[in-house]
Amino acid sequence: MSPTIIWPRLTGSVVSSVAADPDAFLELRGITKRFPGVVANDGVDLTLRRGEIHGLLGENGAGKSTLMKVLYGLYTADEGEVVLRGEFLRLHSPQDAIEHGIGMVHQHFKLIPRLSVVENVALGEREPAAQFRGRGGLVGRLGRAFSLGLAGPRQRIRDLSAEYGLDVDPDATVLELDVGQQQRVEILKALYRDVDLLILDEPTAVLTPQEAERLFETLEQLTDQGLTVIFISHKLNEVTAITDRVTVLRDGRKIATVETADVTRAELAEMMVGREVLFSLEREPVPVGDEVLAVRGLHADNDRGVEALAGVDLTVHAGEIVGVAGVSGNGQKELAECLVGLRRSTAGSIRVLGDDVTGRPPRHFVDVGISYVPDDRYRFGCAPALSVRDNAAMKDYRQPRFGEHGLIDYGAMVAYAESLVEDFDIRGVTDVEAVHAGDLSGGNLQKLILARELDREPKVLVANKPTRGVDIGAIEYIRERLLEKRTDGTGTVLISEELDEIFELSDRILVLYEGEFVLETTPDATNQDEVGLAMTGVRPEDAADAVEPAAGGGSA
Amino acid sequence: MRLSVDVSAREDIPPWLAYGAPVFTVIAALVVGSVTLVAVGVNPLAAYVDMFVVTATQPFGILQTLTKAIPLVLAGLAVYLPLRANLWNIGAQGQIYLGAIVGTWVGINVDGGAFTIPLLLVGAAVGGGLWGAVPGWLRAVYGVNEIITTLMMTFIATLFTNYLVRGPMQGGSGNFPQSASLPQAAQLPFIVGPLHVGIVVALLLTVAVWVLIKRTRLGYEIVFTGSNPDAAEQAGMDRARIYFTVLVLGGALAGLAGVVEIAGIQYRLRPGFSPGYGFTAIPIALLGRNGALQVLVASLFFALVFVGGSTITVNYGVPASIVSIIQALIILFLITAEFVKQYSVSLGIERAAAGASVGEGA
Amino acid sequence: MVGFVVGLLVATVQSGSSLIYASLGELVAERAGILNLGVEGMMLVGALCGFVTTVVTGNPYLGFLVGAVAGMAFSSIHAFLSITLKSDQVISGVMLTLLGTGLTTFFGKPWVSKSIDGFGRVTIPVAVKLPYLGPALFNNTVPDYLAILLVPAVWYFLGHTNLGLEISAIGDDPETADTMGVHVFRLQYLAVLIGGALAGAAGAQLSLAFSKLWIGGMTAGRGWIAIALVIFAQWRPSRAIVGAYLFGGISALAIRTQGISFAVGHAFPFAGVINPALAFLTNSIILSTYPYVATIIVLAVVSQGELRERIGAPNALLQAYSRELD
């Protein structure tokens, strides 16, 4: 059984050359969307058939979200068209999209916790009380403003609930609902407005496996009733379980659209994740030293109170880089924050050079010799409104070389900042006092942060996506410096989504999925496909199954 | 075709706007304020000349302005310091009262000989500091918004003062709501004319605050925390300690503002002795938010408004409230200017084109 | 004793009316996410304008209306600065109080010695005969009755009308509300203007019904108490009226106990400590601080973790909303 694959076009052009599918319900033709410095969508074509569950698969940054925001009216494409039922669509806002029957369930719910389900669903519709319904003119408008007719919506919600098996109590306060129920309220919001197409953005990111099952049942019921669903995800298992067809995006381009039943998970992973190696760096063998970081049984919750780390063990030695691969949202942020003291673990221990630092404040972690390159560099990595000088000294300002007896020697700070700028080739800094961190380009800011964190000879370095959003030249530079620190004896935890980076830099590789390490290996003992599969939830034991054609899901 | 009003952030602030903005706003405020003057039959131009030019050029006017600036500088610093950490100390007025209470009490009851004045200054700082400590602690430990708590503490302080001067601290002849008079040893000596030694205190503290922010480790932490509390926390800075410290120090500064008014001019504690210095301190801190020296300059300006305002009250029979009116107008226009500086407003015309629209996205 | 209590209750209700108006107005504004610290200034504007109108026309009803409109007009400055210009709401509000106080003192000078008949008492027969509550609730002026009626009206508005629903949504999450098609800016303006109108009405009640005169600064901090009240009432109208009468009662009590001293007998254990403490705590001026102390305590208690979500401030209070384009 050979897969039907539509090969990717390598250039973007406005007019689509793909013949229109006669069953097409919605077509995106040649969608191109650019932002400063990056092409988020490059000539993407997508065709949807009515009543199917269509998966949109790709890594973070592949362009899935952007494409859907174009479809939903939040963005306007630079090139390309959206054709719905044969009609060209001009969408300027989510309201336009809803009017044309396109609804979206966002990853971060748009609900008001204080209000009830029916109030949330009916918000903005201005349903008046019964006596004003259907009245026009001034009376009608006043009636709609000054009354609230929830009886109608309430009943409608009950009807929809029954029809689609959603089981939501209209009068429950959203605050009291669990995440799965809240998501169903989001779905209800769309159904209430008579959508024909429902876009779900990473819907299972916040759900437990049981809740995800429940969601899949719901989606099947929706499509049985004629609704079309787009299911955006990076989780291969789920996409293959639930979708009829899958479109894979990578680096802003469409790689292929395939029938789920005709393709293996391994093939999908390869489409999603494989890319040419950009450059190869020399990674010499370095003698591995003592244990510098020992994490045992670490559990932690995310900001919503849901468990994000489900018991991880991690050991790092001096002179080694441990690469933690995984798609973000699987506990990476929480792991990094626990390792630097920004987040309290709920169970487990962290020891640095034998010293138990569990539960200590961030200051202790800094003093003990842990350096941190965060993924959100503007929020945690620097103070963008302050100067390069101030940001350079952010970690070490307490050191005697910057002043004694509670004073600061800004002259020394300036000299230090300048030396960092020079050593790390940070461009755009004419004057370390006049230029603010926020003025620097992404790559140069990251180099500044890296410079600061590496220069202090850390025992442990936690680097979370250090090359994300950074230009090519800086990427190579940053990776070289990480290797250099490895030679110096620093033990590094490198958290990344980029497989070539993981393979290039790591001595050992761990794969983080849903809060647990599902694979532990070395670059020599594995390959990108295996790791890529593990990143999407397929454990090595199941890898054999993954090369069998997927079972396929949804209605034919 | 769609017409739209686009408001977009400016990339760079043109220099003429950056420097001109404060000047334009003051002028605009004065123009609007002139309406009130005209309404009571006063020639606004003459009044403003009297208010600003004459006051600022005559020796007595200058001395009065400097004297008025003393509590304003201290109160301004009291709001400025927490503001560097991005906290609003709206309660400077209350801390002023507490400082005045403690300072007056010390001055009257403690016989310290030559040390009486330093003692009452310290007492005032402690009193004001304690008053700032309560909202400071609530914010540091529980995250309770300091805007409301400092405000509430202000009214408690004002009422408490009323109580004290009618009760435990009531003194002097007759049954007036005032404290006893400060003995000679507790009165701040004069330097020249109405200007008293309090100016030294004010200047010293301006320098001290400047040094704190610009030269110390704590100052670095305060500025960093105010700029990005998350990065500061990651760097190991103790947010709670910083929040608590700046509100206590702010309270202490305001406390000093209170006592120098009493010990330097009024010599006894009365209710309402501070005509809104704590609230005027808010715009002063806003104008001077980049440095203690700027706070000093802003205080001098507002002192000029106060003194000049009193002058025209006397010379033209204009109600004293003209001062508050002009102060308020200046600040309101200043906020508007802030907006104009940061955003440019323009009209946009959109043509509906295939899949694209003008002035959108990147 | 009965006379004292009845007198206290009567004074409480009358004193509380202006607090009801002002706090309900502030409540609406804050529910839409805008903190209005200019209430005191707006009350004074309403008081003066209402008073002047009544002196000139002899019609207190007209005066009351004008007072409300004046308050609303004055609050439009705050609305413009906070919503359109997205300026700091704290500064804008405090400065408007300063401006309002200054302007009304300035322009109000000639009106200080005037007198008016103002609102007369309207007695509701039968009900007024109820013990204690009767004379307190049913022998008041029209604005007093209106204040009481306003409470269920605001409650209904916020909880049972589409406008109210949208306002509540905006105060919690303007972005979500915007996505759902709610006109965020328009409704924020509406909320602030309602707040201003009610603050103006509060002031007019003071000058036309409660005191029937005009003096500069006559609100004497009631505007600030109203702001404290909203927090104390946890943004619920039903609690606002309780708080208003509570705080109003405290100030009425404070006046009435001025000459009275409370003490326990000398033989009472720890009398030496209790008596001075009692004297302090029941001192009329100290009594007046209780509303502020209570507010701080409520805030401290409510800020402890879990509670914050259940009760609590509109989530987006004090945040200027701007629709971020890509």
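Only a predicted model underlies this, so the values are computations on that prediction, with no experimental measurement involved.

1. Quick look at unusual backbone geometry
Point 1. Even without a glycine there, the phi angle at A:His405 is positive, about 55°.
Point 2. Tracing the backbone shows A:His405 in the loop between α13 (388–392) and α14 (410–423).
Point 3. For C:Ala220, which is not a glycine, the phi torsion comes out positive at approximately 50°.
Point 4. Residue position: C:Ala220 is located in the loop between α9 (184–210) and α10 (222–232).

2. Here's the deal with the nonpolar core
Point 1. In this structure, B:Leu74 and B:Leu256 are the most contacted members of the largest nonpolar core, which totals 375 residues.
Point 2. Among residues more than four places away in sequence, those in contact with B:Leu256 are B:Leu74, B:Gly99, B:Leu121, B:Ala124, B:Ala125, B:Gly128, B:Val201 and B:Leu205.

3. Notes on helix α5 (residues 151–164) of chain A
All names here are of chain A.
Point 1. Over its 14 residues, α5 runs 20 Å from end to end, which matches the ideal 20 Å to within 8%, given 1.5 Å per residue.
Point 2. Where α5 is concerned, the buried positions are Pro 153, Arg 154, Ile 157 and Tyr 164. Projected down its long axis, α5 shows its buried positions confined to an angular sector of 115°, all on one face. When the buried face of α5 is taken as reference, the exposed residues oriented beyond 90 degrees from it are Ala 151, Gln 155, Asp 159, Ala 162 and Glu 163.
Point 3. Close packing links the buried residues of α5 with α3 (117–122), α6 (179–192) and α7 (209–224).
Point 4. Within two residues after α5, Gly 165 carries a phi angle of roughly 70°, on the positive side.

4. Some words on the interface of chain C and chain A
Point 1. The interface is formed by 18 residues belonging to chain C together with 18 residues belonging to chain A.
Point 2. Only α7 (162–172) and α8 (174–179) of chain C provide two or more residues apiece to the side of chain C that touches chain A.
Point 3. Considering each element in turn, the side of chain C that touches chain A owes the most residues, seven residues, to α7(C).

5. Focus on the sheet that holds strand β5 (residues 87–88) of chain A
Residues and elements named next belong to chain A.
Point 1. Strands sit in the order β2-β1-β4-β5 across an open sheet of four strands; the sheet is antiparallel. Here the strands that pair on one side only, and so sit at the sheet edges, are β2 (38–49) and β5.
Point 2. As defined by bridge partners, strand β1 (residues 24–35) adjoins strand β4 (residues 79–84) across five bridges and the pair is classed as antiparallel. Looking at the pairing, Arg 29 lines up with Glu 81 of β4.
Point 3. Running at roughly 115° to β1, helix α1 (residues 64–71) makes contact with β1, β2 and β4 of the sheet.

What counts as what
Residues numbered from 1 in each chain as written. Chains lettered and ligands numbered in written order. Predicted model: local features only at pLDDT ≥ 70, side-chain atom pairs only at ≥ 80, totals over all residues. Helix = DSSP H or I, 4+ residues; strand = E, 2+ residues; numbered from the N terminus. Core = buried A, V, L, I, M, F, W, Y, C linked by C-beta atoms within 7 Å. Buried ≥ 20, exposed ≤ 12 C-beta atoms within 10 Å, placed from the backbone. Contact = placed C-beta atoms within 7 Å. Expected span 1.5 Å × (residues − 1). Arc of directions from axis to C-beta. Pairing = 2+ DSSP bridges. Axes fitted to C-alpha atoms, helices over the stretch in contact; angles between N-to-C directions.

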